[in-house]
Amino acid sequence: MLCQFTFSNYKSFKGEAFLDLFAESISEHKESLITDKDGQRFLPVISIYGPNGGGKSTVLDALDYLGRFVNVPIFMMQAGKVGSADEVGEDEPPYQAVPPRKDIYFKFCEECAEEPTEFEVLYRNLGYEFKYELSLIHGNIIRENLYGREIGRRNARVVFERSDDGIEVGNELKGLPLDKVRGSFPLISYISAAYDIEIVNKAAGWFRYATVMNYDEPGKDHMALIPKGEAIQKRMVAMLQEMDINISGMRVEYDENGRIREVFTRHSVGGKEHELRLEDESSGTRKLFSCLARINQYLEVGRLLLADELDAKLHPKILRYIIEGFTDPSINKNGAQLILTSHDMVNMNPDVFRRDEIWFCSQDYDNSSNLYSLVSFSDERGRKVRKDEIYSKRYLEGHYGADPYIARGLDWEVDG
């Protein structure tokens, strides 16, 4: 479960960006909140709005980058591409542990090139709450800290603290040869892959399932995730029917190696059954096939889903159906969370979202992005947003600061 995420000097964000999933003390939709065993309440969904180029996707990308920074070295060590501490130490390892891009700093500021890109994430996993901090300059780690506490206990303890001055560790890591790990290789990854330390395994394991699904990419329409098992496929068809999609069934053909050869959809038309290949369906239907199985999977196990441009090619009612899967406790029984970017105005209303679930990205005079929530926004007179406002109308009129450039367009006239 994601609690808070902070980052700075990353792509379009020069200053600090702060995303908060702790529920505010407001009255709307209390029943939709995720309540952990210590009574702390969290948001099941956040929708980020703003103009094109405003930084919405960068928020998801920053969390995805941090996840890849932690995950990729673990996968490579487990695959045998990197082994002992010596191999990730003074000698150049056969695998570059840092994700390909190192120039991730804010580009409209010369000084930012030599300033750190910083990440801080507070999250919960398997009975623990963790805080992981990471600072990078050109792909080299200048600070990396991990703290953890059992949920229900007050004080967190140091798992490790890493800086230019050396490495300090808690009791679980005493005696491990960590001083040899090179500066571009995350300690959390090395310890998780090389040793069986429960608290580090739990801390690193959370990053495995925080991935961005980018539905602004045309190729995603053709990348259908088909669930295995007839029961799960029937459930997926039932979901499509609840969305008024005229699909009565599906059939999957496999080759001799058990790989999917072809997927067919069934349609009841005029009392007769007809089949279409999935690739002959509309792009919107193909998109549903590409995301519904994964959404179901994340809801069942209680994971964090990051979806960029989820509303592209989807009817607003279908988008609302997906959102309600996360905000309905009878469906979302295990604390799954959805963070999406969106331009959809139909669902930007108090019936769908709490004020702390609507966030905005805007651009400053120096082209840097800002991130803030609707519940924290106040106008020039210091007035907060009321829960009965028509959010979409006020947003389009530019009242919330993240000007989508549409309000000016309402006054356009056709010449001649």
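Each chain carries its own residue numbering, running from 1 in the direction its sequence is written. Local features are withheld for residues below a pLDDT of 70 in this predicted model, meaning they are given only at 70 or higher, and side-chain atom pairs are given and counted only at 80 or more; totals for whole chains, interfaces and linings count all residues. Heavy atoms throughout the structure, all of them, feed into the side-chain values; hydrogens and water do not.

Remarks on the overall build of the protein chain
Then, number 1: Of the regular secondary structure elements, the protein chain holds seven helices and 18 strands.
Then, number 2: Remark: exposure states derive from per-residue accessible area (1.4 Å probe, protein chains only) relative to the maximum for the residue type, with buried under 20%, exposed over 50%, and partly exposed in between. Looking at the protein chain residue by residue over its 416 residues, the buried ones come to 52%.
Then, number 3: Residues count as neighbours in contact if any of their non-hydrogen atoms are within 4.5 Å of one another. For the protein chain, the share of sequence-separated contacts (at least 6 apart) that also reach a separation of at least 24 residues comes to 61%.
Then, number 4: All accessibility values rest on the Shrake-Rupley procedure with a 1.4 Å probe; residue burial counts only the protein chains present in the view. Accessible surface, the protein chain as shown: approximately 20300 Å² in total, 46% of it carbon and sulfur. By the criteria applied, helices consist of DSSP H or I runs no shorter than four residues and strands consist of E runs no shorter than two, each listed in order from the N terminus.

A look at unusual backbone geometry
Then, number 1: Positive phi outside glycine occurs at K11, with the angle close to 50 degrees.
Then, number 2: In this structure, K11 sits in the loop between β1 (2–8) and β2 (17–20).
Then, number 3: In this structure, H138 is a non-glycine residue whose phi angle is positive, near 50 degrees.
Then, number 4: The exposure class assigned to H138 is partly exposed, which follows from its relative accessible area of 36%.

A few points about the confidence of the model for the protein chain
Then, number 1: One number per residue, pLDDT, summarises how confident the predictor is, and it ranges from 0 to 100. Across the protein chain, the average pLDDT comes to 87, with 89% of residues at or above 70.
Then, number 2: In this model, residues 89–100 is a region of pLDDT below 50 whose contacts with residues beyond four sequence positions or in other chains number 27 contacts.
Then, number 3: Ignoring residues within four places in sequence, the model shows residues 406–416, a span with pLDDT below 50, making four contacts including any to other chains.

Things to note about the packing of helix α2 (residues 187–194) against helix α3 (residues 198–205)
Then, number 1: Fitted lines through C-alpha atoms serve as axes, helices being fitted only where they are in contact, and the angles separating the N-to-C directions of these axes extend from 0 to 180 degrees. With their axes 9 Å apart at the nearest point, α2 and α3 run at an angle of 120 degrees to one another. In terms of orientation, α2 and α3 fall into the oblique class. For the pair α2 and α3, the crossing hand works out as left-handed. Where α2 abuts α3, its residues I188, I191 and S192 lie against V200, N201, A203 and A204.
Then, number 2: Looking at the contact of α2 with α3 residue by residue, the class counts come to five nonpolar, two polar and no charged. Orientation labels follow simple angle bins: below 35 degrees gives roughly parallel, above 145 gives roughly antiparallel, 65 to 115 gives roughly perpendicular, and whatever is left gives oblique. Two helices that cross are described as forming a left-handed crossing if the nearer one is turned anticlockwise from the farther one by less than a right angle, and a right-handed crossing if clockwise. Residue polarity follows a fixed list, in which Ala, Val, Leu, Ile, Met, Phe, Trp, Tyr, Cys and Pro are nonpolar, Asp, Glu, Lys and Arg are charged, and the others, Gly among them, are polar.

Some details on the sheet that holds strand β13 (residues 260–269)
Then, number 1: A sheet is described by the order of its strands in space; here three strands give the open sequence β12-β13-β14, paired in antiparallel fashion. Taken across any chain shown, the strands that pair with only one partner, and hence form the sheet edges, are β12 (249–254) and β14 (272–277). Here the average twist between neighbouring strands, direction ignored, is 30 degrees.
Then, number 2: Two strands qualify as a pair provided DSSP detects at least 2 bridges between them. Sheet topology note: the β13/β14 ladder contains six bridges and is antiparallel.

Focus on helix α4 (residues 230–242)
Spacing of three or four residues puts side chains on the same side of an α-helix, whose turn is 3.6 residues.
Then, number 1: Multiplying 1.5 Å by the residue count of a helix minus one yields the expected span of that helix. Here α4 contains 13 residues, and its C-alpha end-to-end distance of 18 Å stays within 8% of the 18 Å for a straight helix at 1.5 Å per residue.
Then, number 2: Taken together, the buried positions of α4 are occupied by Q233, M236, V237, M239 and L240. Considered in projection along α4, the buried side chains sweep an arc of 155 degrees and stay on one side of the axis. Exposed positions of α4 whose direction lies more than 90 degrees from the buried face are A231, K234 and E242.
Then, number 3: Check the buried side of α4 and you find it contacts β12, α5 (283–301) and α6 (316–327).
Then, number 4: Just beyond α4, the residue with positive phi is D244, at close to 65 degrees. Arc, as used here, means the arc of the directions from the helix axis to the C-beta atoms.

A few points about the packing of aromatic side chains
We describe a pair of aromatic rings using the distance from one ring centre to the other and the angle between the two ring planes.
Then, number 1: What counts as a ring pair is set by centres within 6.5 Å for rings of Phe, Tyr and Trp (its six-membered ring), and what kind of pair is set by the plane angle: stacked under 30 degrees, edge-to-face over 60, tilted for all other angles. Scanning the entire structure with this criterion turns up 23 aromatic pairs.
Then, number 2: When the centroid spacing of 5.7 Å and the interplanar angle of 70 degrees are considered together, the rings of Y132 and F207 count as edge-to-face. Taken together, the positions of Y132 in strand β7 (residues 128–137) and F207 in the loop between α3 and β11 (211–214) put the pair 75 residues apart, joining distant regions of the chain. You'll find Y132 and F207 in the same group, each marked buried.
Then, number 3: With a centroid separation of 5.6 Å and an interplanar angle of 35 degrees, the aromatic rings of F360 and Y400 are classed as tilted. Linking F360 in strand β17 (residues 358–363) with Y400 in the segment after α7 (391–396), this pair joins segments that are 40 residues apart in sequence. Y400 matches F360 in its accessibility class, with the two residues each being buried.

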